[in-house]
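This is what each chain is made of:
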Number of protein chains: 2
Amino acid sequence: MKRILPELDPFRLIQTSVDHRENRPTEAVMSLGNGYMGARGNYEEDYTGDTLKGIYVAGVWMPDKTRVGWWKNGYPRYYGKVINAPDFLMFHLYVNGRRVDLARTDIETFRRTVDMRTGVMDREMVLRTEEGGRLRITSSRFFSIDIRQIACMEYAVEALDGTASVAVETGLDANVRNADANYGEQFWDVNAVEAGSPLYLESETIENAFGVPRFAVGFSALTRCAEGAVRRETVRSERAVFDRFEAQLAPGEALRLEKVVSVVTSRDMERGQLRAAGAEILRRAASDGAELLRARHSEAWRARWKKCDVEIEGDVAAQQGIRFNLFQLWSTYDGSDERLNIGPKGFTGEKYGGAAYYDTEGYCFPMFLATASPEIALSLLKFRFNILDKAKENAGRIGMRGALYPMVTFDGEECHNEWEITFEELHRNAAMIHAIYNYTCYTGDESYIRDFGIHVMVEVARFWACRASYNPRKDCYMLLGVTGPNEYDNNVNNNFLTNYMAKWCIEYALEYVEKFAYPLPAEEARHWREVAEKMYLNYDEETKLFMQQDGFMDKELVPASRIPEEELPLCKHWSWDRILRSCFIKQADVVLAFYYFPHRFTLEQKQANFRFYEPFTVHESSLSPSMYSTVASACGFADDAYRLYQRAARLDLDNFNADTEDGLHITSMAGSWIALAHGFAGMDYQRGVLAFAPRCPQHWKQLKMRLVYRGRLLEIRFNARAFHCELLEGEPLEIEVDGVSHKVETILDCPLG
Amino acid sequence: MKRILPELDPFRLIQTSVDHRENRPTEAVMSLGNGYMGARGNYEEDYTGDTLKGIYVAGVWMPDKTRVGWWKNGYPRYYGKVINAPDFLMFHLYVNGRRVDLARTDIETFRRTVDMRTGVMDREMVLRTEEGGRLRITSSRFFSIDIRQIACMEYAVEALDGTASVAVETGLDANVRNADANYGEQFWDVNAVEAGSPLYLESETIENAFGVPRFAVGFSALTRCAEGAVRRETVRSERAVFDRFEAQLAPGEALRLEKVVSVVTSRDMERGQLRAAGAEILRRAASDGAELLRARHSEAWRARWKKCDVEIEGDVAAQQGIRFNLFQLWSTYDGSDERLNIGPKGFTGEKYGGAAYYDTEGYCFPMFLATASPEIALSLLKFRFNILDKAKENAGRIGMRGALYPMVTFDGEECHNEWEITFEELHRNAAMIHAIYNYTCYTGDESYIRDFGIHVMVEVARFWACRASYNPRKDCYMLLGVTGPNEYDNNVNNNFLTNYMAKWCIEYALEYVEKFAYPLPAEEARHWREVAEKMYLNYDEETKLFMQQDGFMDKELVPASRIPEEELPLCKHWSWDRILRSCFIKQADVVLAFYYFPHRFTLEQKQANFRFYEPFTVHESSLSPSMYSTVASACGFADDAYRLYQRAARLDLDNFNADTEDGLHITSMAGSWIALAHGFAGMDYQRGVLAFAPRCPQHWKQLKMRLVYRGRLLEIRFNARAFHCELLEGEPLEIEVDGVSHKVETILDCPLG
């Protein structure tokens, strides 16, 4: 663990110095986004230190030839890549003719904050330059959530104690590359570079051999000089266009710029309209001015927080962690475009090229479901419904009937190529159904299943029934050759979680096949029923253990605490075979079942399995600690629950996995919300009632969460001694607290323990 | 199956037409080599049809960045590539100024033969050209096994019925590429191109980022016009130099060329000496003239055949098959350079970039051991001894002690990167020891073990002892997470063959540790003994089955005969997961143990396991049928033995696996010799005596084999009724036939049955 921002704050991210060795992780945590576009916290100025430049536009991607040494039948032809967009955030600063390189400049004071309440980054720093004495630079940046195509920046240079000849260039620059490019190639063609007012640059993803549509993006930029410029010119080159502002600053004088940029894409309009539409959006925004844009944007953020905020009193690190997670999740996805999904790195890095992993359904879905209007959760469900045909093709490719949802995808086409994952990590298919189940339980509305979900449910059940093989010697159905959630073993037989979820998916589909009279052939229904009934589940009644997979007990069983520290993380120190044959578990596997279905398992079972598996778990997936924390809460293991929550909530802020530099673990951030809501608050809605079983960490003064539930806005507040539920909006309702029913009219107060 | 050369012949390969659709496989089977260099049977003339050009120089290779999508710790940084050498075999033919493209020329008659008895390719064809009427082209080619640096060619053009203006260009051309180049790059720099007499071209492998030495190769060529040229000139370009001969041919007149080329490399001398050394070797060879060179080369081949020939009377297809196999094996490797090994494709293709697989020890070793002087087998053993340090590093890389021999290598450095193979296919390590065992048993000479082998044996045993994990619940040692010989399942536990061989390796090492008082710490020896004693071997006494791996009986057990024909081979039609979870076996696995140690298993065990596993076996590795055939012989399953022998012996000639186009399956060719010697002849020498248990296929009139055994040259001849052993050279000896001892003074005649 290494705290990236030493100064803690409940609602802000505060950086007080420039540490060149930590620049990449710092850039990552200072990322901003508005669901439509976003960027890492790269500095405005040139910076020749270690940096990963990254500006991304949602849904704009490139298929790139997959690199594999040994091709396997059925591998996808290409890998999807998020691409680093033309740079519209940069301000090249010149002092007395010399371009300032922040990596080689004497920085006297530095303070950068991201105010998560308002979604704005502000920076103030004082530079000591040889040529122009000390300069104060102030800047700000936000991506508007009021007008999503708009980014807004301010940049000011003030001379403090000498006369400085200053110039600033800012504009649009397509001289960008992906760090993740097979051969270092450019991913953008440039269609237009225009030096008018506004500046205009139109770029288009390069041609590809895979028949994937190309995306064109139009950038329009207007920069206003509010103060100080003596000369302005426009500089145009083949792939870039800049406005250049020059000023002679006496001490106390400043050059102040306001820049507004609009970004429009061919995803939303014809190519031919990009220029005009971008200019029109820009014109209207610019006429409002930066101040008004900022005010509206901030107001929209405040409205979001009203529904989703979490307050942790008495633990500022924990508080900052959860707000950071919520802030980044909402910056990545807002549900307004059902063609989009939640990339594991959001707008904070290139890694995991794809846009949709099953993390969305497994982790993010419950948070969006409970903290916003149902339309947002519906948008996520529709994303999967809309790619059902591709999921069927995908199943066909591995010789199966039904639908297998891809491991990684932009548009339904599988973009991942490790056989042990692409072809064998099947539990992702169940997560799709569990999201439908969650939606239906939480909203009480079966219309999604009736109109859309049933088709997904039937095809996924069909896949499982086909994939399970009958074992006549044991009279049961087995799932052979799978990779469970624990990716630290591959090609195993009968992963418990996978078998369990497969069985459940079939049963759940059959329930609605009957309810909505779906025309499933009787013989097929009979077969499904048989597969579900005879699904092999390896459970030992005596020890209460569910076996993670066949042969797990043959492994050398050694607790993870015995691994020498210098060999951690294992994935960076051990060869793959050693990891595979070890007992070490990358991430929650058996215990995930207890999160998915809290009331289908006894307390004894939960405790026994947690106690058995957690010591073998190295949590080398960001998705792990939150799930274990949630289950630890259910087990009454308060210390474990708290320890694992902190690891989940501050994973990136404290760089637990030493990889924040690549970008934030966006999807797993939802896990810390789950650990709070489903763990500490013990929320459950699978039995038809909204229920809580509060277990607040002892040293927290209070945990406060907002929930949007069936047309109501609720606030729950609790600590170890009492639980309160306040109805902020909507009709009274019944809730259950520790198994006892209560009616909530305005405020419910329940003493605990 | 598709016979590539329809005309059968006991000692020749005969091609009687040019079939453009079958050009690549035909090129492969017409390959020639002399252990030092070799080439596919590319046509002399230009050919724009489907072709894979390939000329290779032994031990000259290139490290190329390995292409993998998802890197695993411990993967090698590079992949070794055999490289297509500058072309010195080509004759560009011009008729009336037009370059002849054999793919677009009317070929009236065509006959090409490779005489395997003499190692020479001859071709005669009549072309019908628009410009010059009919032309008869005759050509020949061989790589001398008398002077290994020499290649010799003849090329003649005769006008048959019109006057033709003819030109022929031949020389040295470095404008070549590998088909297997990541980005289509050139692998050769050109150091010198000289238009003197001889022509000289010196090429050098391009720089690499891996610290691997570059190889320089000097080619010197002298072309003599024996008849008909009116004009001669030399044409030089940046990467090539040619002699050009022009002639005006009246009907019946001919242009005849003789070309001699020397090839020398920096593997054998300083770079600065290449030109002079190459020129000197060439001068001497050329002064002897093509006829004498050919006579000496052919004589050397005849001497080889004297020791290794196999005659099958009454089955010309089988006869041609085994001679083809022996011819190609000896063309690939002759034991004269212990830095070399036997690439799976020899000089016949680029695939499987590495030079040494465990195929050498597992398959080729017994043939070289029994058909040549012991120095050749010793040379193969020394190759492994010399890279022991690298094998220790390799073990260290996966966290193990001792030595793990690489899966694929040129110089000891692992060059393969599929985790399931590189890190998990461990039985290769046992094959190294089995070769030492074979050598010692066959020669009766323990000095190799004493002086060299013991070190390899100890380090390999050390690896196994470290790799085995103790299972306290079952009080045994297990090998978890391995890939057995059957690569159609990966990451399995307790592959029987692997466990069995590991146990044997440890025991065999301990035997010689004691015999030669090797300083093994007592505690370590105790541990080894315990691992060997408690090695888990899953055997069912009732069924006599050895379980291929844990969980094998949970698979859906369906015979391979039920796979629809259009889904074969599975590796080209099924996705990998489906192959893995199926019961289908790529190649001999459990039954390999019966080949490795024929007298350690009972007849009932052999029969039960053959009957159980063979029906699941799809033989999609070229290494499979020969082993099954050998074991079938031991089982007394004559039909299976014969069927599988034919598949092994004619694998490439009949293109059973539909991949001969990539090159020949050189190493697996040795398997058909094994099926004859260890299968049909039932040869065994592990019990201290040379023993035979002859089981000749019924319809063969006679099977005749030569053997070199402890200073003697033997010929065995047998059919279903009688066995004869003739002592051709050396001292009388005792042999055993069907369990009965006999002394062989001159000829032994044993009636059978």
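Numbers given for residues are sequential positions, taken from 1 along each chain in its written order. Each chain gets a letter, beginning with A, and each ligand a number, beginning with 1, in the order they are written. Residues qualify for local features only when their pLDDT is at least 70, as the model is predicted, and side-chain atom pairs are given and counted only at 80 or more; totals for whole chains, interfaces and linings, by contrast, use all residues. Computation of side-chain values covers all heavy atoms of the structure but excludes hydrogens and water.

**Considerations on the overall build of chain A**
For clarity, the threshold we go by: Only DSSP runs of H or I reaching four residues or more are called helices, and only runs of E reaching two or more are called strands; each is numbered from the N terminus. As defined in this context, the radius of gyration uses C-alpha atoms, and a globule is described by 2.2 Å times the residue total to the power 0.38. Contacts: residue pairs with any heavy atoms within 4.5 Å of one another. Only the protein chains shown count as cover for residues, and the accessible areas themselves come from Shrake-Rupley with a 1.4 Å probe. Counted as positive: Lys and Arg. Counted as negative: Asp and Glu. His and the chain ends are not counted at all. By convention, charge coordinates are those of NZ in Lys, CZ in Arg, CG in Asp, or CD in Glu.
Along its length, chain A carries 19 helices and 31 strands. A compact globule built from 753 residues should have a C-alpha radius of gyration of about 27 Å, and chain A, at 27 Å, falls within 12% of that. Overall, chain A is about 85 × 60 × 55 Å in size when its C-alpha atoms are taken along their principal axes. For chain A, restricting intrachain contacts to residue pairs at least 6 apart in sequence, the fraction spanning at least 24 positions comes to 68%. Surface accessibility of chain A: about 25400 Å² in total, with carbon and sulfur atoms responsible for 47%. If the 89 positive side-chain charges of chain A are averaged to one point and the 110 negative ones to another, these points end up 1 Å apart.

**So, the sheet that holds strand β30 (residues 740-744) of chain A**
All names here are of chain A. Condition: Strands were regarded as paired on the criterion that DSSP finds at least two bridges between them. Axis angles are defined between N-to-C directions and span 0 to 180 degrees, where every axis is a line fitted to C-alpha atoms and, for a helix, only to the segment in contact.
If you walk across this open sheet you meet the three strands as β25-β29-β30, and the pairing is mixed. Looking at which strands have only one partner, the edges of the open sheet turn out to be β25 (690-692) and β30. Strand-to-strand, the axes of this sheet are offset by a mean angle of 35 degrees, without reference to chain direction. Examined bridge by bridge, β25 and strand β29 (residues 733-737) share three bridges and lie parallel to one another. Across the sheet, residue L690 finds its bridge partner in β29, namely I735.

**Here's the deal with the relation of the copies chain A and chain B**
Here is the rule: Least squares is the method used to superpose the copies, on C-alpha atoms of residues holding a pLDDT of at least 70 in both.
The transformation that overlays chain A on chain B combines an axial shift of 0.0 Å with a rotation of 180 degrees, and the residual RMSD is 0.0 Å. Such a turn and shift between the copies fits a two-fold axis. Both copies share a contact surface, since 100% of the interface residues of chain A are interface residues in chain B too.

**What to know about the environment of V235 of chain B**
All names here are of chain B. Just so we agree on the cut-off: In this scheme, a residue with accessible area under 20% of its type's maximum is buried, one over 50% is exposed, and one in between is partly exposed, where area comes from a 1.4 Å probe on protein chains only.
When you line up the elements, V235 lands in strand β17 (residues 231-236). The class of V235 is partly exposed, set by a relative accessible area of 34%. The spacing of V235 and Q328 is 93 residues in sequence and 36 Å in space, taken between C-alpha atoms. Once residues within four sequence positions are removed from consideration, V235 is found in contact with A240, V241, F242 and R244.

**Description of the sheet that holds strand β25 (residues 690-692) of chain B**
Residues and elements named next belong to chain B. Strand order in the open sheet formed by three strands is β25-β29-β30, with mixed pairing between adjacent strands. The two strands at the open ends of the sheet, each matched to only one other strand, are β25 and β30 (740-744). Neighbour-to-neighbour, the strand axes of this sheet turn through a mean angle of 35 degrees, independent of strand direction. Where strand β29 (residues 733-737) meets β30, five bridges bridge the pair, whose relative direction is antiparallel. Paired with V737 across the two strands is V740, which belongs to β30.

**Observations concerning the packing of helix α16 (residues 603-613) of chain B against helix α17 (residues 624-635) of chain B**
Residue and element names in this part refer to chain B. The test is simple: By the definition adopted for this analysis, an angle is roughly parallel if under 35 degrees, roughly antiparallel if over 145, roughly perpendicular if from 65 to 115, and oblique otherwise. Crossings are assigned a handedness: left-handed for a near helix turned anticlockwise from the far helix by less than a right angle, right-handed for a clockwise turn.
Taken N-terminus to C-terminus, the directions of α16 and α17 make an angle of 135 degrees; their axes are 9 Å apart at the nearest point. Taken together, the axes of α16 and α17 lie oblique to each other. As for how α16 packs across α17, the hand of that crossing is left-handed. Between α16, through L603, K606, Q607, F610 and Y613, and α17, the contact on the second element is made entirely by Y628, V631, A632, A634 and C635.

**A closer look at the packing of aromatic side chains**
Residues and elements named next belong to chain B. Let me state the cut-off plainly: Stacked, tilted and edge-to-face are the three classes applied to pairs of Phe, Tyr and Trp rings, where Trp contributes its six-membered ring and a pair requires centres within 6.5 Å; stacked means planes under 30 degrees apart, edge-to-face means over 60, and tilted covers the rest.
For the structure shown, the criterion picks out 105 aromatic pairs over all chains. Note on F612 and F616: the rings are 5.3 Å apart at their centroids and 90 degrees apart in plane angle, and the pair reads as edge-to-face. On the basis of relative accessibility, which here comes to 17%, the residue F612 falls in the buried class. For F616, a relative accessible area of 7% translates into the label buried.

**Section: the interface of chain A and chain B**
Short version of the rule: Note on definitions: buried area is the accessible-area loss of two parts on being combined, 1.4 Å probe, summed for both. What makes a salt bridge here is a side-chain nitrogen of Lys or Arg within 4 Å of a carboxyl oxygen of Asp or Glu, nothing more. Any pair of nitrogen or oxygen atoms within 3.5 Å is treated as a polar contact; in protein, a donor-acceptor pairing is required on top of that, and neighbouring residues in sequence qualify only through side-chain atoms on both sides. For this classification, the nonpolar set comprises Ala, Val, Leu, Ile, Met, Phe, Trp, Tyr, Cys and Pro, the charged set comprises Asp, Glu, Lys and Arg, and every other residue, Gly included, is treated as polar.
The interface of chain A with chain B comprises 48 residues on the first partner and 48 residues on the second. With both sides pooled, the region where chain A packs onto chain B buries about 4100 Å², and carbon together with sulfur makes up 49% of that total. Where chain A touches chain B, the interface holds two salt bridges. Note that K474 of chain B and D554 of chain A form a salt bridge whose closest N and O atoms lie 3.0 Å from each other. Inspection of the chain A/chain B interface yields 14 residue pairs in polar contact (both at pLDDT 80 or more). For the side of chain A that touches chain B, the secondary-structure elements that each account for two or more residues are α8 (419-422), β21 (469-471), α13 (570-573) and α14 (576-581) of chain A. Take the side of chain A that touches chain B: its biggest share by element is five residues, from α14 of chain A. Tallied by class, residues from the side of chain A that touches chain B come to 18 nonpolar, 12 polar and 18 charged.

**Describing the nonpolar core**
Using the following cut-off: Definition used in this section: a nonpolar core is a set of buried Ala, Val, Leu, Ile, Met, Phe, Trp, Tyr and Cys residues joined via side-chain atoms within 4.5 Å.
Counting 494 residues, the largest nonpolar core has F88 and W673 of chain A together with F88 and W673 of chain B as the members making the most contacts within it. Not counting the four nearest positions on each side in its chain, W673 of chain B is found in contact with V310, I322, L326, P366, M367, A370, T371, H678, M683, M705 and L707 of chain B.

**Observations regarding the state of the cysteines**
Note the cut-off: Two cysteine sulfur atoms make up a disulfide if the distance between them is within 2.5 Å.
Applying the stated criterion across every chain yields a total of zero disulfides over all chains. Here C225 of chain A is not cross-linked by a disulfide; its sulfur's nearest cysteine counterpart is in C152 of chain A, at 15 Å. For C225 of chain A, a relative accessible area of 25% corresponds to the partly exposed category. There is no disulfide at C635 of chain B, and the cysteine sulfur nearest it, in C696 of chain B, is 18 Å away. Note on C635 of chain B: relative accessible area 4%, which makes it buried.

**Regarding the confidence of the model for chain A**
This is how it is decided: Each residue carries a pLDDT score, the predictor's confidence in it, ranging from 0 to 100.
Scored by pLDDT, chain A has a mean of 95; 99% of the residues are at 70 or more. Here the prediction assigns the complex a pTM of 0.92, and the interface score ipTM is 0.89.

**Thoughts on helix α11 (residues 496-515) of chain B**
Residues and elements named next belong to chain B. Let me state the cut-off plainly: To estimate how far a helix should reach, multiply one less than its number of residues by 1.5 Å.
With 20 residues, α11 extends 29 Å from end C-alpha to end C-alpha; this agrees with the ideal 28 Å at 1.5 Å per step. For α11, the buried fraction is high: 16 of the 20 residues fall into the buried class. A positive backbone phi angle near 50 degrees is found at A517, which sits one or two residues after α11.

**Things to note about the side chain of T170 of chain A**
Residue and element names in this part refer to chain A. For T170, the location among the structural elements is in strand β13 (residues 164-173). The class of T170 is buried, set by a relative accessible area of 0%. Here the side chain of T170 touches K259 through a polar contact of 2.7 Å, side chain to side chain. Ignoring any residue separated from it by four or fewer positions in sequence, one finds T170 in contact with M90, F91, L199, T223, F242, D243 and K259.

**A closer look at unusual backbone geometry**
At the junction of L568 of chain A and P569 of chain A, the peptide bond is cis and its omega measures out at -10 degrees in the coordinates. As for its position among the elements, P569 of chain A is in the loop between β24 (545-546) and α13. Note that the residue after S197 of chain B, namely P198 of chain B, is joined by a cis bond; omega there is 5 degrees. Examined against the element boundaries, P198 of chain B turns out to sit in the loop between β14 (188-194) and β15 (199-205). Non-glycine residue D475 of chain A carries a positive phi angle of around 50 degrees. Along the chain, D475 of chain A falls in the loop between β21 and β22 (476-478). Of note, A658 of chain B is a non-glycine position whose phi angle comes to about 55 degrees, a positive value. Counting through the fold element by element, A658 of chain B comes out in the loop between α18 (638-649) and α19 (666-680). The exposure class of A658 of chain B is partly exposed, given its relative accessible area of 45%.

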